[in-house]
Number of protein chains: 2
Amino acid sequence: MNFAGGRGVNKLSVADYVFRFLADRGATVVFVLTGNGSMYVNDAIAREPRLDYVCARNEAAAPIMASAFAKVSGKIGVVSVTSGPGATNAVPGLAEAWVESSPVVIISGQSPIGELPRGSGDHALRTFGTAGVDVVPAVRAFTKYASTVTDPATIRYEIEKAYHLAVSGRPGPVWLDIPIDVQSAHVDAESLVGFSPKSRLDPVSSEDIRAFESILQSAERPLIVAGQGVRQSGALVELEAVVRDWNVPVALSRLGQDIFPRSMELNLGQIGRRGAPYSKSLLLNADVIIAVGCRLSVQLAGHDLEHFSSDAKVVMIDIDSAEIEKFGERIALPIVADAKDFLRSVLSDLSPTSSPSWEDWRTRCKNLKSTGKISAAQRESNPMDLYFFMTQLDRVSGPQNIFITDAGSNYYVGGQVYNFEHGQREVTSGTFAAMGTSLPLSIGAAVASPEKQILAVTGDGSLELNIQELKTISYYALNVKVFVINNGGYVSMRNWQDSFFEGRRIGSDDETGAEGLDFRAVAQAFGLDYMLLDSAESVVEDLSSLISNPGPMFIEVLCDTEQKIVQPFVETEISS
Amino acid sequence: MNFAGGRGVNKLSVADYVFRFLADRGATVVFVLTGNGSMYVNDAIAREPRLDYVCARNEAAAPIMASAFAKVSGKIGVVSVTSGPGATNAVPGLAEAWVESSPVVIISGQSPIGELPRGSGDHALRTFGTAGVDVVPAVRAFTKYASTVTDPATIRYEIEKAYHLAVSGRPGPVWLDIPIDVQSAHVDAESLVGFSPKSRLDPVSSEDIRAFESILQSAERPLIVAGQGVRQSGALVELEAVVRDWNVPVALSRLGQDIFPRSMELNLGQIGRRGAPYSKSLLLNADVIIAVGCRLSVQLAGHDLEHFSSDAKVVMIDIDSAEIEKFGERIALPIVADAKDFLRSVLSDLSPTSSPSWEDWRTRCKNLKSTGKISAAQRESNPMDLYFFMTQLDRVSGPQNIFITDAGSNYYVGGQVYNFEHGQREVTSGTFAAMGTSLPLSIGAAVASPEKQILAVTGDGSLELNIQELKTISYYALNVKVFVINNGGYVSMRNWQDSFFEGRRIGSDDETGAEGLDFRAVAQAFGLDYMLLDSAESVVEDLSSLISNPGPMFIEVLCDTEQKIVQPFVETEISS
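Residues numbered from 1 in each chain as written. Chains lettered and ligands numbered in written order. Predicted model: local features only at pLDDT ≥ 70, side-chain atom pairs only at ≥ 80, totals over all residues.

Colleague: I'm lost on the nonpolar core in this one. Help?
Modeller: As a rule of thumb, nonpolar side chains are buried together in soluble globular proteins. In this structure, Phe31, Met65 and Val105 of chain A together with Met65, Val79 and Val105 of chain B are the most contacted members of the largest nonpolar core, which totals 274 residues. Beyond its immediate sequence surroundings of up to four residues, Met65 of chain B is in contact with Phe31, Val54, Ala56, Pro440, Ile443 and Gly444 of chain B. Core analysis: the next-biggest nonpolar cluster, separate from the first, contains 56 residues, Leu223, Val242, Ile324 and Phe342 of chain B among them. (Core = buried A, V, L, I, M, F, W, Y, C linked by C-beta atoms within 7 Å. Buried ≥ 20, exposed ≤ 12 C-beta atoms within 10 Å, placed from the backbone. Contact = placed C-beta atoms within 7 Å.)

Right under this line is the structure:
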């Protein structure tokens, strides 16, 4: 072990090794907040020519940026934070990347080896080295792998293992915590020992494919339910081919809602408790449901699949066996597999068939879809209804634009009105619907695709949680339009407090703590141009004009403070 | 188990039980960010007449507020957050309360029991219920106790145990995670089973007291080193009596630096690597060091006590045995005890003695103290030197004022120039020196003592990490003056990057990501009056004028962008 200085011809520092490795694997950007405890890591990033870096202004936002970057670019997301509070600040973003299944590598600085917290149980030190804390036990809960690297000679093993786990199987974040004297220690790259991953998943068995064929052939009203696992496995083309060849209607999860355009005839859009208005009818009427790359969340399927007909046969293809096992016997055919492997086997091994009943079912689905309009989307009034505003935003948006939504009303409305034509995408906190994610998600998306227009909607309540990142948007002149829905803050919370607690409001209106900001000054403070949208009559013209200008802008949108969300989870008749 | 509705005569909800219990134990305030997953908890807070609540604008800040509230009020700090991202957002603040040894109870909402994440290891679900995640495994690392309450009948046991652990021994945070259907379940309070704590620490043994006396009598140059444990055990009076009766010089840790006024003759102030300029000389010359309620941090003592003379006998009295054990054999007399118990035993069992050498030692200490001025504190130039500014702030401050500092330059300068006369206090992130803590700490302190003036200093880099809480200060019209040191951001980071990495800057100057905000607009955005201090000549007058007005204010202070910190950790001659 050889500390800083004494760099040999074939030697490089542990920090250099890590970032050279990540650049070799296609990493192009690191989301960073620098600090003393990660100084050699920071310097390695500065010196690696293939890596750019983006400075976040709170570590909490950095893994969210990296998560969005990974979703949009298909590359690994990388984060660097310093020791102690730098590391613990990153936990909120880590948890977000965890539930969103994003491949993200987080490197934290740590106190020198001699000052690591010691002991365990009642004899554990809370802290030892300056601003140090043992972060690995905490982050282990939200990572596929987490380790403190105490021996420089293990760095190849550690980073290979961490990277492998981040990108393989169900992707997710990993975390390496590197003491400062390990960061600067020099290693002989040639002599390091690597990591040998266990063999991949078995290929999809022919028995499973035959069983799938048999269930599908028995179906009268089949429905495919697809999620973001389809995109993650790179199987969009394969899924489209299956839908087309077999002519089976497809519905999408909240996270997967952008995988097909709504104009695709057999695409019934996002379904669930706050999905398309006909969601319940659709789900209750299907007699075979094929879930692919979709965990069947509670919002979509109910926690025991009670949103489905109890007679429906459910086929579930998921790379994470835990997601299938949670439904126990309710899954008629469980297939633990990568979505792409499964869909390719279907395409290659089976010949499309159909049953006479399918045509009637398709007609009924198309009728459902055509009647599933939300009337509020057409309501031209002031202050604007959020359905109306977001419908107009969708209307003026261009090809390849990326929508971002945040927690609260706009999360639900975006899930109900966006159409995703012409290669449009959405990036959102689909699983957590976490407040304050819109800005860091926008940044990650914009860094991944600088040429694309990012249309980010956030609420006046949510904005505050990562408001510091407005400066990141202005500093890097990212092509992000930030639409802040001013509806008096926390409208979703007011709604449930009014419904359940006789209107006893706490922290949800001006009187109890949710008083809003002066948004014009907010834009000025963080270096962004400001615009106010307060007129339903001119909103299309205003939006067209502002979207035609590249670069960042802060737009306050005056909306109805009594916004209601369409929760159409009631069964309606399906006409045929 | 009896869910919402069906409230009997002697029954109340689990949520009501928790907050009635905490109010019975003296809790007066809950720091809250509301949410759907904690709706019954939120409503219980709204309905408990003895509890007020303060709405934070990011859950990360709430435990920091509660930590400061506990430090200033001596009461338990209480936090309520919602499930999923609400809970994970709170982790940064939790870690801060953990290393600061603050008694804080955090109550998080959780998905209903039927939707808790299940399984373990490779078969663990990442998330199940809407916006749900299993937070207890993560927060266990930073709490004295953490539990998901799955059975309403255990609520008395759970809250009694959590509360007991939070406030007893070395205080610290605890966490109860309560599924939404448990929150609303009704229990018969009379029939619940409670928690029986283990017996308290043994009293300080007479052997230890005699051994202490013997070491002290052998001393020629004794020094007491005291920390915040003295205040936490309520032993300020006892320590003062020991210092006075035995006539022994006392030095203070960063967290304990406000326990005595600097004008107290035998108080040598805060010592350590960035403490009083004579710190190293003082520590190396003492031949007996008595550490009481002080963990002897690396910054103060070095990680193997190498800042002390290797011949010095060290007595360490600490309630946390792990803090003593970390030094192994180096501690001549380890006493695991509450500081107050120990000091009372000394006062009651021993008669003060002295040795002829002590008088010479005291004279040398007083000489050290008188020569320990920092010249930059007198440097009246523009832009201002931070030593000069904070010295003037100290000068104009009034009795009982509470100073708050943040990470970076002002943390070190505050530790070197503040004097703590007339009952003044400091609240700071003493252990982590975490960026962005100044605002939430100010809020907690102001809520605890609304009548006191809070003088909060923060850096332009640090401000951004919890900038949303400026609105909390303005909304509640807290008596907080926020001084934002504008020195071009991240001056500490520039200093080490320049020193260690040939000036390769990353994320520490305008070109690499640390460009600052428009502070006048920041104040306007968050509803605060704004003032600029840019003149060393008029700063005393300006400060006096603004401090004379109660209520919040945002003050931008133009300071030297090349600020250097006095790091006087070199030995100097001690004259006698």
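Following the structure, the description resumes.
Colleague: Before we go on, may I ask you to explain the sheet that holds strand S7 (residues 174-179) of chain A in this structure?
Modeller: The strands that make up a sheet are held in pairs by hydrogen bonds between backbone atoms, and each pair lies either parallel or antiparallel. Residues and elements named next belong to chain A. Read from one edge of the open sheet, six strands run S3-S2-S4-S5-S7-S6, paired in parallel fashion. Of all the strands in the sheet, the pair left with one neighbour each is strand S3 (52-55) and strand S6 (145-148). In this sheet, adjacent strand axes meet at a mean angle of 20 degrees when their direction is disregarded. Relative to strand S4 (residues 77-81), strand S2 (residues 29-32) is paired through three bridges, and the arrangement is parallel. The partner of Val32 across the bridge, within S4, is Ser80. In this fold helix H3 (residues 62-73) packs onto S2, S3, S4 and strand S5 (104-110), with an angle of close to 165 degrees to the strand it touches most, S4. (Pairing = 2+ DSSP bridges. Helix = DSSP H or I, 4+ residues; strand = E, 2+ residues; numbered from the N terminus. Axes fitted to C-alpha atoms, helices over the stretch in contact; angles between N-to-C directions.)

Colleague: Whenever I open this one, the relation of the copies chain B and chain A confuses me. Can you help?
Modeller: After a rotation of 180 degrees and a shift along the axis of 0.0 Å, chain B superposes on chain A with an RMSD of 0.0 Å. Interpreted geometrically, this transformation is the action of a two-fold axis. Closest approach to the rotation axis within chain B is made by the C-alpha atom of Ala138 of chain B, at a distance of 2.1 Å. A shared interface surface links the copies, since 99% of the contact residues of chain B are contact residues in chain A too. (Least-squares fit on C-alpha atoms with pLDDT ≥ 70 in both.)

Colleague: Mind showing me how you'd approach the interface of chain B and chain A here?
Modeller: Accessible area lost upon the coming together of the parts is a frequently used measure of interface size. Taken together, the contact pairs 83 residues of chain B with 82 residues of chain A. Residue composition of the side of chain B that touches chain A, by class: 43 nonpolar, 26 polar and 14 charged. (Nonpolar A, V, L, I, M, F, W, Y, C, P; charged D, E, K, R; others polar.)

Colleague: Quick question: what am I supposed to make of the sheet that holds strand S5 (residues 104-110) of chain B here?
Modeller: All names here are of chain B. Here six strands make up an open sheet; going across it, the order is S3-S2-S4-S5-S7-S6 and the pairing parallel. In this open sheet, the two edge strands, each paired with only one partner strand, are strand S3 (52-55) and strand S6 (145-148). Along the sheet, successive strands turn relative to each other by an average axial angle of 20 degrees, direction set aside. In this sheet, strand S7 (residues 174-179) lies alongside S6 in parallel orientation, the contact comprising four bridges. If you follow Thr148 over to S7, its bridge partner there is Asp177.

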